[in-house]
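Residue-level listing of the chains:
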Amino acid sequence: LPIEKQEKDINGIENFDLPSSIDHESFIQDLKRLKNGEDIIIDEYNFNHRDTPPNQIQILSRPVIIVEGIFTFHFKKINELLDLKIFVDAPDYLMLKRRILRDGNERGYDLSDVLYRFEHHVMPAYAKYISPSKIEADIIVPNLDKFDNALEVLSIYLKQILK
């Protein structure tokens, strides 16, 4: 959803870490169209450039469609459209480290802003919405520094699907 439609916390800071932050109904319709062999055109996610009109991206329907997102398993209707569900997990300290690096480098956030959002948005949402959704996963992959075995299992599965 556009930034002006995002919920704000008690300090007036937009909270992008809520299920309400995404238009899941449009997401469901787009996923159905892709699964039915239709290509779709969507607006590019434009996080840091709010005043710049988003580019349009064409997504081509393919035999294998990879869906990624933190609230993917939260919505029952999305779960029903997925053939294999993989939850990529990491310990809290690693999530924080990666977020500090990403938000500093890609989004220009200072450390205090990253820490505020992590404490007040990210971790409460993780505890309430994301971690409980692990139960929906067929496979849980620990995302530390090596996950070669998980990639091998996934590769075998995908090759079987594509035969």
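Being a predicted model, the structure only gives us computed values, none of them experimental.

**Observations regarding the packing of aromatic side chains**
Stage number 1. Here the structure, examined in full by the defined rule, presents two aromatic pairs.
Stage number 2. With centroids separated by 6.2 Å and ring planes inclined at 85 degrees, the aromatic side chains of Phe71 and Tyr129 adopt a geometry described as edge-to-face. You can see Phe71 sitting in the loop between β2 (56-59) and α2 (76-79) and its partner Tyr129 sitting in helix α4 (residues 111-130), a full 58 residues away along the chain.
Stage number 3. Both rings, one in Phe73 and one in Phe87, keep their centres 6.4 Å apart while their planes meet at 35 degrees; by these two values the pair is tilted. Taken together, the positions of Phe73 in the loop between β2 and α2 and Phe87 in strand β3 (residues 86-89) put the pair 14 residues apart, joining distant regions of the chain.
Stage number 4. A relative accessible area of 11% means that Phe73 is categorised as buried.
Stage number 5. Of the residues examined, Phe87 reaches a relative accessible area of 6% and is grouped as buried.

**Re the environment of Pro132**
Stage number 1. As for its position among the elements, Pro132 is in the loop between α4 and β4 (139-142).
Stage number 2. Considering only alpha carbons, one finds Pro132 and Arg107, 25 residues apart in sequence, at a separation of 28 Å.

**Some details on the side chain of Ser61**
Stage number 1. Secondary-structure assignment places Ser61 in the loop between β2 and α2.
Stage number 2. For Ser61, a relative accessible area of 14% puts it in the buried group.
Stage number 3. Of the polar contacts made by the side chain of Ser61, one reaches the backbone oxygen of Leu34; its length is 2.6 Å.
Stage number 4. Those residues within four positions of Ser61 in sequence are excluded, and the remaining contacts are Leu34, Gly37, Glu38 and Asp39.

**Observations regarding the confidence of the model for the chain**
The predicted coordinates of low-pLDDT regions are not to be read in fine detail.
Stage number 1. In this model, the chain carries a mean pLDDT of 92, and residues with pLDDT of at least 70 account for 98%.
Stage number 2. For the chain, helix α5 (residues 148-162) is the element with the lowest average pLDDT, namely 91, and helix α1 (residues 24-35) is the one with the highest, namely 97.

**Considerations on the nonpolar core**
Stage number 1. Grouped together as the largest cluster of nonpolar side chains are 15 residues, with contacts concentrated most on Phe71, Phe73, Ile78, Leu82, Phe87, Tyr129 and Ile130.
Stage number 2. Those elements that provide at least two residues to this core are α1 and α4.
Stage number 3. The greatest single-element share of this core, amounting to four residues, is contributed by α4.
Stage number 4. Setting aside residues up to four positions removed in sequence, Leu82 forms contacts with Leu31, Val67, Thr72 and Phe73.

**As for the side chain of Thr72**
Stage number 1. Along the chain, Thr72 falls in the loop between β2 and α2.
Stage number 2. Polar side-chain contacts of Thr72 include one of 2.9 Å to the backbone oxygen of Gly69.
Stage number 3. Each residue touching Thr72, except ones within four places of it in the same chain, is listed here: Val67, Ile78, Asn79 and Leu82.

Cut-offs used in this document
Residues numbered from 1 in each chain as written. Predicted model: local features only at pLDDT ≥ 70, side-chain atom pairs only at ≥ 80, totals over all residues. Heavy atoms only, no water. Phe/Tyr/Trp six-rings, centres within 6.5 Å; stacked < 30°, edge-to-face > 60°. Helix = DSSP H or I, 4+ residues; strand = E, 2+ residues; numbered from the N terminus. Buried < 20%, exposed > 50% of the residue type's maximum accessible area, 1.4 Å probe, protein only. Polar contact = N/O pair within 3.5 Å; in protein donor to acceptor, adjacent residues only side chain to side chain. Contact = heavy atoms within 4.5 Å. pLDDT = per-residue confidence, 0-100. Core = buried A, V, L, I, M, F, W, Y, C linked by side-chain atoms within 4.5 Å.

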